[in-house]
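Residue-level listing of the chains:
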Amino acid sequence: MITLEEIRLKYHDGIIPKKARSEIKSDFMTHFNYSTPQQYNMMLALGSLQVPTPNEFDWLSEKIVRYHDYYSPNKKGKQLELEKL
């Protein structure tokens with residue numbers, strides 16, 4: 001099971017590009033009917049005391065891990081190797 005701190009680190013470690021992070025934020029705000037991004041920003045701020053609800057956590061962990069895996073250089077390299085076979 002992934003922790004909130006691990007999710008935050010994956011979100012901020014630079015692997016997920018800015019445009020993709022904006023997409024995650026926009027999808028989150030639409031999905032959970034937020035009108036402003038402040039609460040989202042606080043939930044994902046490193047060291048923040050703001051925690052998401054269980055539904056928000058599940059959604060964020062699934063999205064962020066999926067995007068992180070997609071953009072991870074190690075994963076792309078392995079996928080390219082498989083495509084060559």
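Described in the following lines is the structure provided in the data block. This one's a predicted model, so the numbers in the text were calculated from it and none came from an experiment.

Focus: the environment of isoleucine 24
Piece 1. Turning to its location among the elements, isoleucine 24 is positioned in helix α2 (residues 18–31).
Piece 2. Note on isoleucine 24: relative accessible area 0%, which makes it buried.
Piece 3. When the C-alpha atoms of isoleucine 24 and lysine 63 are compared, they prove to be 7.2 Å apart, with 39 residues separating the residues in sequence.
Piece 4. Residues in contact with isoleucine 24, not counting those within four places in the same chain, are Tyr40, Trp59, Ile64 and Tyr67.

Brief notes about helix α1 (residues 4–12)
Since the α-helix advances by 3.6 residues per turn, residues separated by three or four positions end up pointing in the same direction.
Piece 1. Listed as buried for α1 are Leu4, Ile7, Arg8 and Tyr11. An end-on view of α1 places all buried positions within 100 degrees of arc, on one side of the element.
Piece 2. Of the residues trailing α1, glycine 14 is marked for its positive phi of about 95 degrees.

Let's talk about α2
Piece 1. End to end, α2 covers 20 Å across 14 residues, agreeing with the expected 20 Å (1.5 Å per residue, within 8%).
Piece 2. For α2, every residue scored as buried is listed here: Ala20, Ile24, Phe28 and Met29.
Piece 3. In this structure, the buried residues of α2 make contact with α3 (38–44) and α4 (54–71).
Piece 4. At the C-terminal side of α2, asparagine 33 shows a positive phi close to 55 degrees.

Here's the deal with the nonpolar core
Piece 1. One finds Ile24, Phe28, Tyr40, Leu44, Leu60 and Ile64 to be the most contacted residues of the largest nonpolar core, which totals 16 residues.
Piece 2. Every element with two or more residues in this core is listed here: α1, α2, α3 and α4.
Piece 3. In terms of residues, this core owes the most to one element, α4, which gives 5 residues.
Piece 4. In this structure leucine 60 touches Phe28, Tyr40, Met43, Leu44 and Pro52, once residues within four positions along its chain are discounted.

A word on the pattern of salt bridges
Piece 1. In the structure shown here, the tally under the stated rule is 2 salt bridges.
Piece 2. Of the charged contacts in the structure, one is a salt bridge between arginine 8 and glutamate 5, with a shortest N-O distance of 2.7 Å. Of the two residues, arginine 8 and glutamate 5 both sit in helix α1, 3 residues apart, roughly one turn of that helix.
Piece 3. Its relative accessible area of 1% is what places arginine 8 among the buried residues.
Piece 4. Among the residues examined, glutamate 5 registers a relative accessible area of 37% and is labelled partly exposed.
Piece 5. Put simply, glutamate 62 and arginine 66 hold a salt bridge, and the shortest N to O gap is 3.1 Å. Taken together, the residues glutamate 62 and arginine 66, both in helix α4 and 4 residues apart, mark about one turn of the helix.
Piece 6. Residue classification places glutamate 62 among the partly exposed positions, given a relative accessible area of 39%.
Piece 7. Judged by its relative accessible area of 43%, arginine 66 is partly exposed.

About the criteria used
All chains use their own residue numbering, which begins from 1 and follows the written sequence. Local features in a predicted model are, by the rule used here, given only for residues with pLDDT of at least 70; side-chain atom pairs are given and counted only at 80 or more, and totals for whole chains, interfaces and linings are based on all residues. Based on all heavy atoms of the structure, the side-chain values leave hydrogens and waters out of the count. Secondary structure elements follow DSSP: runs of H or I no shorter than four residues count as helices, runs of E no shorter than two count as strands, and numbering proceeds from the N terminus. Accessible area is worked out with a 1.4 Å probe on protein chains only. A residue is then buried under 20% of its type maximum, exposed over 50%, and partly exposed in between. Contact criterion: two residues are considered in contact whenever any of their non-hydrogen atoms come within 4.5 Å of each other. Comment: arc refers to directions from the helix axis out to C-beta atoms. One less than the residue count of a helix, multiplied by 1.5 Å, gives the span that helix is expected to have. For our purposes a nonpolar core is just a set of buried Ala, Val, Leu, Ile, Met, Phe, Trp, Tyr and Cys residues, chained together by side-chain atoms within 4.5 Å. What makes a salt bridge here is a side-chain nitrogen of Lys or Arg within 4 Å of a carboxyl oxygen of Asp or Glu, nothing more.

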